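Structural overview for review
Chain by chain, the residues:
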Amino acid sequence: MSTTLVYLDARSLSAEGIGKAERELLTIAAARSAGSVVVAVSSPVDDDVAAGLGRFGATTVLVPSSDVTASLAAGPAAFAAAAAAESGADLVLLTNAGDSKEVAARLGIKLSAGVVTDVVAVAGDEYTKSVLAGTYTTRIRVKTATAVVTMKANSVEPAAAGDGAAEVRRLDVPEIGPSATVERTEAKPASGRPELADARVVVSGGRGLEGDFGPVEALADSLGAAVGASRAATDAGWIEHSYQVGQTGKTVSPQLYIAAGISGAVQHKAGMQTAQTIVAINSDPDAPIFEIADLGIVGDLTEILPQAAEEIKRRKA
Ligand SMILES: Cc1cc2nc3c(=O)[nH]c(=O)nc-3n(C[C@H](O)[C@H](O)[C@H](O)COP(=O)(O)OP(=O)(O)OC[C@H]3O[C@@H](n4cnc5c(N)ncnc54)[C@H](O)[C@@H]3O)c2cc1C
């Protein structure tokens, strides 16, 4: 029977809950490897986290017997390789986060395994991903004994929590070898907004904002939404790159996506066109974003965004 190993970065897990992207991996693994889901977590976990993983389908949780996180991706990859060998996995699933992709690349070398990134569906030994900014959908088979796959968030509906429990086991980590070490870390200040990749509502801004994300943030806060951006906005330094939506940014699939001052380039659409409802605000009636919008508003965003935020606040009051 096929065995799936799910590798999770411990920083994405907390007693409050297991993130949606992580639950999606557990759901895919449970469907593929009926009844036996092995999870490798990059650091020891407390009882609440282990219990949470159990409720979402993990049967075994492997944790490293020594700290592997001080060596960037090298330590986690060495541990993930040991976990793959221990579990006999023929598929290792990781999230599409930057750190996880780096672990996936190193893991591919360690296991002599084929690596597929940005996957949106797993069916047997076939992995689906879109290429060339969403122009083509490709189905990929890996010829090596083990496949290493990173999944885009919002690819499957995560299963609801059950009453399962996971057994936690420590695993010795082999020699990590030469690697860069982490000297100091700083927690990113919390914005109080939902995580972009998991958000139900996203308000994004582009070059049309002319550097001022204030109106986008105000509308996002009135809706309890995450803030996103086009690459033109992140490249201009108006907002951090982690907010970028699109081919080289994050993929979002919210119930509502509001695009303000974004033209709708194919590379931007690649990251948001699966949103259930798309609202576009643009002063150019011929902007390509209107081709995929459910509701298009032709006008000046500096007038429309504050009006929308005010009206939403008024109705909520
Ligand atoms: C390999 C590659 C990868 C890329 N990856 C990404 C990616 O991941 N994400 C991404 O977004 N882009 C990506 N791009 C860039 C992409 O091609 C576009 O250049 C970018 O998306 C444009 O951003 P924009 O829509 O904000 O800017 P523009 O295309 O300049 O559009 C600005 C829009 O704002 C409107 N506007 C201006 N003023 C107002 C106003 N006052 N009120 C209302 N509307 C107004 C204009 O009519 C215009 O439609 C990539 C490009 C390449 C080559």
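Structure first, text after, so check above.
First, a word on what this report is: a plain description of the structure on this page. (Residues numbered from 1 in each chain as written. Predicted model: local features only at pLDDT ≥ 70, side-chain atom pairs only at ≥ 80, totals over all residues. Heavy atoms only, no water.)

Here's the deal with the sheet that holds strand 16 (residues 277-282)
Spatial ordering of the open sheet is given by 14-13-15-16-17, a layout of 5 strands whose pairing is parallel. Looking at strand neighbours, the two that pair on one side only are strand 14 (226-229) and strand 17 (295-298), the edges of this open sheet. In this sheet, neighbouring strand axes are inclined to one another by 15° on average, regardless of whether the strands run parallel or antiparallel. Bridge count between strand 13 (residues 201-205) and strand 14: 4 bridges; the pairing is parallel. When the bridges of strand 14 are listed, Val 202 appears paired with Ala 226. Running at roughly 135° to strand 16, helix 8 (residues 301-316) makes contact with strand 15 (256-260), strand 16 and strand 17 of the sheet. (Pairing = 2+ DSSP bridges. Helix = DSSP H or I, 4+ residues; strand = E, 2+ residues; numbered from the N terminus. Axes fitted to C-alpha atoms, helices over the stretch in contact; angles between N-to-C directions. Contact = heavy atoms within 4.5 Å.)

Side note on the pairing of strand 4 (residues 37-41)
Counting buried positions over the 5 residues of strand 4 gives 5, a clear majority of the element. Of the two faces of strand 4, the one holding Val 37, Val 39 and Val 41 and the one holding Val 38 and Ala 40 are both buried throughout. In the sheet, strand 1 (residues 4-8) pairs with strand 4 via 5 bridges, with the strands oriented parallel. Counterpart to Val 6 in the pairing with strand 4 is Val 39. Sheet topology note: the strand 4/strand 5 (residues 60-64) ladder contains 3 bridges and is parallel. In the strand pairing of strand 5, Val 38 is matched with Thr 60. Between the parallel pair strand 4 and strand 5, the chain is carried across by helix 2 (residues 47-55), and the sense of this crossover is right-handed. (Buried < 20%, exposed > 50% of the residue type's maximum accessible area, 1.4 Å probe, protein only. Right-handed = clockwise from strand over helix to strand, strands pointing away.)

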